[in-house]
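What follows is the residue order along each chain.
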There are 2 protein chains.
Amino acid sequence: MRYHKVPDETIRRLPVYLRGLCSFPNDGSRSISSQQLAEVLHVKSPQVRKDLSYFGDIGTPGVGYDIQKLKKHIRTILRLNNTHCAALIGYGNLGAALLKYTGFKTFCVEISAVFEINPRKIGRVVQKIKIEDVSNISSLRKRGISVAILAIPALESQDVTDKLIDAGVGGILNFTPSYLSAPTNVKVVNIDIGVSLACLPYYLPVGA
Amino acid sequence: MRYHKVPDETIRRLPVYLRGLCSFPNDGSRSISSQQLAEVLHVKSPQVRKDLSYFGDIGTPGVGYDIQKLKKHIRTILRLNNTHCAALIGYGNLGAALLKYTGFKTFCVEISAVFEINPRKIGRVVQKIKIEDVSNISSLRKRGISVAILAIPALESQDVTDKLIDAGVGGILNFTPSYLSAPTNVKVVNIDIGVSLACLPYYLPVGA
């Protein structure tokens with residue numbers, strides 16, 4: 001289900017809430033106040049209440065949130081109750097690191113296909129996955145894979161993005177430094193490592 | 001110099017503008033209108049004008065911006081005119097990929113020190129850099145390194161962050177899924193790869 005008028009920032013915080021809730025012991029129906037939840041999550045409690053209010057009444061006034069129910073609720077909102085298979089495009093240094101990245105497991109997202117353009121890498125088995133030629137991207141729709149991670153050189157990024165969209169991919173995590181042109185029904189989330197690092201010197205104290 | 005009341009979002013866009021400007025040929029004093037600049041950068045032109053207006057009058061009404069001057073100006077604002085040395089903490093899969101990452105070069109940021117907790121990695125030379133014990137982090141101040149990249153397990157992240165801050169580090173690019181507690185004069189930029197991927201299923205069409 002896609003809710004209306006939910007800001008991207010709220011959707012972006014929900015997995016953080018979910019991860020925070022997962023750190024609580026699974027011991028039944030323990031409740032947590034929005035204040036306690038906010039402390040654990042290092043956000044302000046009105047923020048938590050506002051974010052969660054987009055999705056109906058899940059808290060009990062004066063009591064708070066049932067931890068297990070809230071976890072389940074957030075998973076349902078984010079559609080993370082079942083494992084989502086993702087395709088990794090590019091098995092360079094970053095791609096290899098992403099394939100071994102353990103942080104996807106909390107969210108039931110799993111890389112189940114790897115694509116490459118380099119003939120020397122195609123056919124190799126990495127983490128039990130056989131690297132495929134990018135031309136196989138067209139098979140994603142029938143394999144039920146609708147999320148992709150792009151970790152390839154900038155030059156090839158739009159061409160591969162077009163192939164992904166043609167293959168029914170609706171969500172792309174873009175590690176390339178390129179702007180990707182995509183229709184409005186395809187969600188692109190950019191992780192621009194270079195830009196993120198380049199911002200830091202601005203904030204240093206004068207003289208540093 | 002640190003300007004007053006400049007939103008983080010503006011600072012975050014400046015390296016993107018800079019990278020876009022760097023893609024233009026270096027052929028003297030060619031000008032570009034904010035409209036053209038916006039097209040290249042895939043943002044709206046009022047956004048470009050507003051972002052740049054925080055830093056004084058750099059454009060000429062009716063003419064636009066001098067490309068070379070604007071590049072220089074943005075580099076000065078971001079303090080990227082000279083190479084900044086950064087420390088990489090953690091030489092796991094992601095750390096190794098970041099050390100080889102070529103996208104930092106555009107911004108004159110260079111990883112010049114690598115730290116590890118694993119004795120089997122300490123002493124190894126990678127990309128011409130000798131991996132040091134994390135206890136050496138205390139030497140960063142005298143080595144003039146005030147930016148760090150954190151690519152270590154979540155459990156160790158606050159402890160290492162405290163060490164970095166004690167050593168005078170003022171900017172941290174945090175790849176761990178942890179919230180890092182830091183004083184207000186230390187800038188932490190988070191790249192949460194798991195969360196970024198976990199957002200995508202929400203946006204998929206129903207049935208995907």
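Keep in mind that what you see is a predicted model, and the values were worked out from it rather than measured. (Residues numbered from 1 in each chain as written. Chains lettered and ligands numbered in written order. Predicted model: local features only at pLDDT ≥ 70, side-chain atom pairs only at ≥ 80, totals over all residues.)

## Considerations on the overall build of chain A
Stated formally: Secondary structure is summarised from DSSP: a helix means a run of H or I of at least four residues, a strand means a run of E of at least two, and numbering begins at the N terminus for each. In this scheme the burial state of a residue depends on its C-beta neighbours within 10 Å: 20 or more other such atoms mean buried, 12 or fewer mean exposed, and anything in between means partly exposed; the C-beta positions come from the backbone. It is the C-beta atoms, placed from the backbone, that decide contacts: two residues are in contact if theirs lie within 7 Å.
When helices and strands are counted, chain A shows eight helices and nine strands. Dimensions of chain A, computed from C-alpha atoms along their principal axes, come out at roughly 60 × 55 × 30 Å. When the 208 residues of chain A are sorted by exposure, 38% land in the buried category. Within chain A, contacts between residues separated by at least 24 positions form 55% of all contacts whose residues are at least 6 apart in sequence.

## Description of the domain arrangement of chain A
In many reports, interface size means the accessible area that the parts give up when they come together. Just so we agree on the cut-off: Note that domain bounds follow an automatic or database assignment of domains.
Taken domain by domain, chain A comprises domain 1 (8-78) and domain 2 (84-196). Between domain 1 of chain A and domain 2 of chain A, the C-alpha centre-to-centre distance is 30 Å.

## Topic: the packing of helix α1 (residues 8-22) of chain A against helix α4 (residues 67-78) of chain A
Residue and element names in this part refer to chain A. Under the convention used in this document: Axis lines are fitted through C-alpha atoms, for helices just across the contact stretch, and the angle between N-to-C directions can take any value from 0 to 180 degrees. With the far helix as reference, a near helix turned anticlockwise by less than a right angle produces a left-handed crossing, and one turned clockwise produces a right-handed crossing. Amino acid classes used here: Ala, Val, Leu, Ile, Met, Phe, Trp, Tyr, Cys and Pro are nonpolar; Asp, Glu, Lys and Arg are charged; the rest, including Gly, are polar.
The contact between α1 and α4 brings their axes to 10 Å, and the two run at 150°. Here α1 runs over α4; the crossing is left-handed. On α4, the residues touching Leu14, Pro15, Tyr17, Leu18, Leu21 and Cys22 of α1 are Ile67, Leu70, Lys71, Ile74, Arg75, Ile77 and Leu78. Tallied by class, the residues present in the contact of α1 with α4 amount to 11 nonpolar, no polar and two charged.

## Quick word on helix α6 (residues 157-166) of chain A
Residues and elements named next belong to chain A. Rule in force here: The directions from the helix axis to the C-beta atoms form the arc being described.
Burial in α6 covers these residues: Ser157, Val160, Thr161 and Leu164. Buried residues in α6, looked at end-on, bunch into an arc of 105°, giving them a common side. Those residues of α6 that are exposed and angled more than 90 degrees off the buried face are Asp159 and Asp166. Where the residues of α6 are buried, they touch β3 (84-89), β7 (147-150) and β8 (171-174). Following α6 by one or two positions, Gly168 has its phi on the positive side, about 90°.

## A look at the sheet that holds strand β8 (residues 171-174) of chain B
Residues and elements named next belong to chain B. The criterion, for reference: Two strands are counted as paired when DSSP detects at least two bridges linking them.
An order of β5-β6-β4-β3-β7-β8-β9 is seen for the seven strands of this open sheet, with the pairing classed as mixed. Pairing within the sheet leaves two strands with one partner each, and these edge strands are β5 (125-126) and β9 (187-190). Pairing between β8 and β9: four bridges, direction parallel. Bridge assignment links Asn174 to a residue of β9, and that residue is Asn190. Docked against the sheet, helix α5 (residues 93-100) engages β3 (84-89), β4 (109-116), β5 and β7 (147-150), running at close to 160° with respect to β3. On the sheet, helix α6 (residues 157-166) packs against β3, β7 and β8 and is oriented at approximately 170° with respect to β7.

## As for the interface of chain B and chain A
The interface is formed by 50 residues belonging to chain B together with 50 residues belonging to chain A. For the side of chain B that touches chain A, the elements supplying multiple residues, two or more each, are α1 (8-22), β3, α5, β7, β8, β9, α7 (193-198) and α8 (200-203) of chain B. Counting residues per element, the side of chain B that touches chain A draws most heavily on α7(B), at six residues. Here the side of chain B that touches chain A is built from residues that sort into 34 nonpolar, 11 polar and five charged.

## Side note on helix α5 (residues 93-100) of chain A
Those residues of α5(A) lying buried are A:Leu94, A:Gly95, A:Ala96, A:Ala97 and A:Leu98. Considering only its buried residues, α5(A) is in contact with β3 and β7 of chain A together with α5 of chain B.

## Some remarks on the environment of A:Leu180
Residue and element names in this part refer to chain A. Structurally, the position occupied by Leu180 is in the loop between β8 and β9 (187-190). According to the C-beta neighbour criterion, Leu180 is partly exposed, with 19 such atoms within 10 Å. Through-space distance from the C-alpha of Leu180 to that of Ser157 is 7.3 Å; in sequence the pair is 23 residues apart. Apart from residues no more than four positions distant in its own chain, Leu180 is found in contact with Ser157, Gln158, Thr161, Ile172, Asn174 and Val188.

## Points about the pairing of β7(A)
In summary, the side chains of a regular strand alternate between the two faces of the sheet. Residues and elements named next belong to chain A. To be explicit about the condition: Orienting the strands away from the viewer, one traces the path from the first strand over the helix to the second; a clockwise path indicates a right-handed crossover.
Residues Val147 and Ile149 line one face of β7 and the alternating positions Ala148 and Leu150 line the opposite face, and both faces are buried. Bridge count for β7 against β8 is four bridges, and the pairing is parallel. Across the sheet, the residue bridging to Ile149 is Leu173, located in β8. Read as a crossover between parallel neighbours, the route from β7 over α6 to β8 is right-handed.

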